Amino acid sequence: MKDRFDVSGRTALLTGASRGIGRAIALALAEHGADVAINHISAFDAEVGFPDAAQTLVDEARSHGVRGFAIEGDLSVEGAAAELHDRAVAALGRIDILVLNANIQIARDFAAVTADEIDLQCRMNYRVPIQLLQRALPPMAERGWGRVLAVGSVQQANPTIELAVYAGLKSAQYNLVMNLSRQYVKTGVTINNLAPGLIDTDRNRFLRGSEDDWRATIERTSPMGRAGLPDDLAGAALLLCSDAGSFITGTNINVTGGGDLPWT
């Protein structure tokens, strides 16, 4: 059975993957044999104190005997999604596994959300995934093998009030996953969604405020009494990106620690 999780010889493109959940998934794929290309923005990494995050991840991936590439690029810029796809294909040769992890979350009272904030979240959380899928899915189908993993959120089903736009777009992303999985069901391509709950990442700690606020959030949302770790999503991601998940498509897996109240 362990061979079913082996992705040796496969190639993977992951968006927003230099830190947090994307990093954990990239390393899981590399550890099990896949070549990986990670999209990142150096300025964002530096802003939270990790200026070398992308290169560190690439070095760690390569230590497993696979190829690793860091591709700089702000996907909110017009044309950046197509450019990322083409650069990844140039580096990897093809894309067998596409992990859609990059997103923007803006917490705001609904009436105060600006037009620019709406447009930015729509571009990053919905339009960019569509543009990447339009380019990546046909070649996967032509080759008869492909894996798409969209990183969603429990917000898609249980939105919190200050994340109305973000939550709505995550719901739309899952709807897209279900739709496309039906279109590609006979091609050897699976398309699935992974929905994390409260995960201990530098972004989440920043968004939650003080350490007291962070602890209060955990107590309010996690029956396990802890936040999840990025590595807690790696197993489910590997399942859905390997032959072990070949009969799973159009589904959603919650990784929430049993929490009833969603936070991402």
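Heads up: the structure comes first, above all this text.
Below or above, wherever it landed, is the structure these notes cover. In this text, all values refer to a predicted model and were calculated from it rather than measured experimentally.

Rules used throughout
- In this numbering scheme, every chain counts its residues from 1 along its sequence in written order.
- Where totals are concerned, whole chains, interfaces and linings use all residues; where local detail is concerned, this predicted model gives features only for residues with pLDDT of at least 70, and gives and counts side-chain atom pairs only at 80 or more.
- Each side-chain value is derived from all of the structure's non-hydrogen atoms; neither hydrogens nor water enter the calculation.
- By definition, any uninterrupted DSSP run of H or I lasting at least four residues is a helix, any uninterrupted run of E lasting at least two residues is a strand, and each is numbered from the N terminus.
- Among buried residues, those of type Ala, Val, Leu, Ile, Met, Phe, Trp, Tyr and Cys that are joined through side-chain atoms within 4.5 Å constitute a nonpolar core.
- Per-residue accessibility, obtained with a 1.4 Å probe over protein chains only, is compared with the maximum for each type, and a residue is labelled buried under 20%, exposed over 50%, and partly exposed between these values.
- Residues count as neighbours in contact if any of their non-hydrogen atoms are within 4.5 Å of one another.
- For this document, the term salt bridge refers to a Lys or Arg side-chain nitrogen within 4 Å of an Asp or Glu carboxyl oxygen.
- Expected helix span is computed as 1.5 Å times (number of residues minus one).
- For helices, the fitted line uses only the C-alpha atoms of the stretch in contact; every axis is such a line through C-alpha atoms, and the angle between N-to-C directions lies from 0 to 180 degrees.
- Here is the rule for angles: anything less than 35 degrees is roughly parallel, anything more than 145 is roughly antiparallel, 65 through 115 is roughly perpendicular, and the remaining ranges are oblique.
- Take the far helix as the reference: if the near one is turned anticlockwise from it by less than a right angle, the crossing is left-handed, and if turned clockwise, right-handed.
- Ten residues, namely Ala, Val, Leu, Ile, Met, Phe, Trp, Tyr, Cys and Pro, are considered nonpolar, four, namely Asp, Glu, Lys and Arg, are considered charged, and the remaining ones, Gly among them, are considered polar.
- Whether two aromatic rings pair depends on their centres lying within 6.5 Å, for rings of Phe, Tyr and Trp, where Trp uses its six-membered ring; planes under 30 degrees apart make the pair stacked, over 60 edge-to-face, and the rest tilted.
- Two limits define a charge over a ring: the Lys NZ or Arg CZ must be within 6 Å of the ring centre, and within 35 degrees of the ring normal.

Turning to the environment of leucine 229, a few remarks are in order. Mapped onto the fold, leucine 229 is located in the loop between α8 (211–221) and α9 (234–241). On a C-alpha basis, the gap between leucine 229 and valine 58 in space is 20 Å, while along the polypeptide they are 171 residues apart.

For the rest of this paragraph, the subject is the nonpolar core. One broad trend across soluble globular proteins is that nonpolar side chains are buried collectively. Counting 32 residues, the largest nonpolar core has Leu14, Ile25, Leu29, Ile38, Ile97, Val99 and Leu149 as the members making the most contacts within it. Listing elements by their share of this core, those giving two or more residues are β1 (11–14), α1 (20–31), β2 (35–40), α3 (53–62), β4 (97–100), β5 (146–151) and α9. The element that contributes the greatest number of residues to this core is α1, accounting for six residues. Ignoring anything within four residues of it in the chain, the contact list for leucine 149 reads Ile25, Leu98, Val99, Leu100, Asn192, Asn193, Leu194, Ala237, Leu240 and Cys241. Ranked by size, the runner-up nonpolar core spans 30 residues in total, among them Leu13, Ala37, Ala80 and Met124.

Turning next to the pattern of salt bridges. Evaluated as defined, the whole model comprises 10 salt bridges. Across the salt bridge formed by arginine 226 and aspartate 232, the nearest N and O atoms sit 3.1 Å from each other. The exposure class assigned to aspartate 232 is partly exposed, which follows from its relative accessible area of 33%.

A few words on helix α6 (residues 164–183). Helix length check: α6 (20 residues) gives 29 Å between terminal C-alpha atoms against 28 Å at 1.5 Å per residue, within 8%. Looking at α6, one finds that the buried residues are Val165, Tyr166, Ala167, Leu169, Lys170, Gln173, Leu176, Val177, Leu180 and Ser181.

This part covers the packing of helix α4 (residues 80–92) against helix α5 (residues 115–143). At a minimum axis distance of 9 Å, the contact between α4 and α5 shows a crossing angle of 40 degrees. It follows from the interaxial angle that α4 and α5 lie oblique. For α4 against α5, the interelement crossing comes out right-handed. Facing Ala81, Ala82, Leu84, His85 and Asp86 of α4, the residues of α5 in contact are Val128, Gln131, Leu132, Arg135 and Ala136. Partitioning the contact of α4 with α5 into residue classes produces six nonpolar, two polar and two charged.

Our focus in this paragraph is the environment of cysteine 241. Within the element layout of this structure, cysteine 241 appears in helix α9. Taking the C-alpha atoms as reference points, cysteine 241 and leucine 100, separated by 141 residues in sequence, lie 12 Å from one another. Setting aside its immediate chain neighbours within four residues, cysteine 241 contacts Val7, Leu29, Ile97, Val99, Trp145, Arg147 and Leu149.

What follows covers the packing of aromatic side chains. Enumeration according to the criterion identifies zero aromatic pairs in this entry. Directly above the ring of tryptophan 145 sits arginine 10, whose terminal nitrogen or CZ lies 3.7 Å from the centroid.

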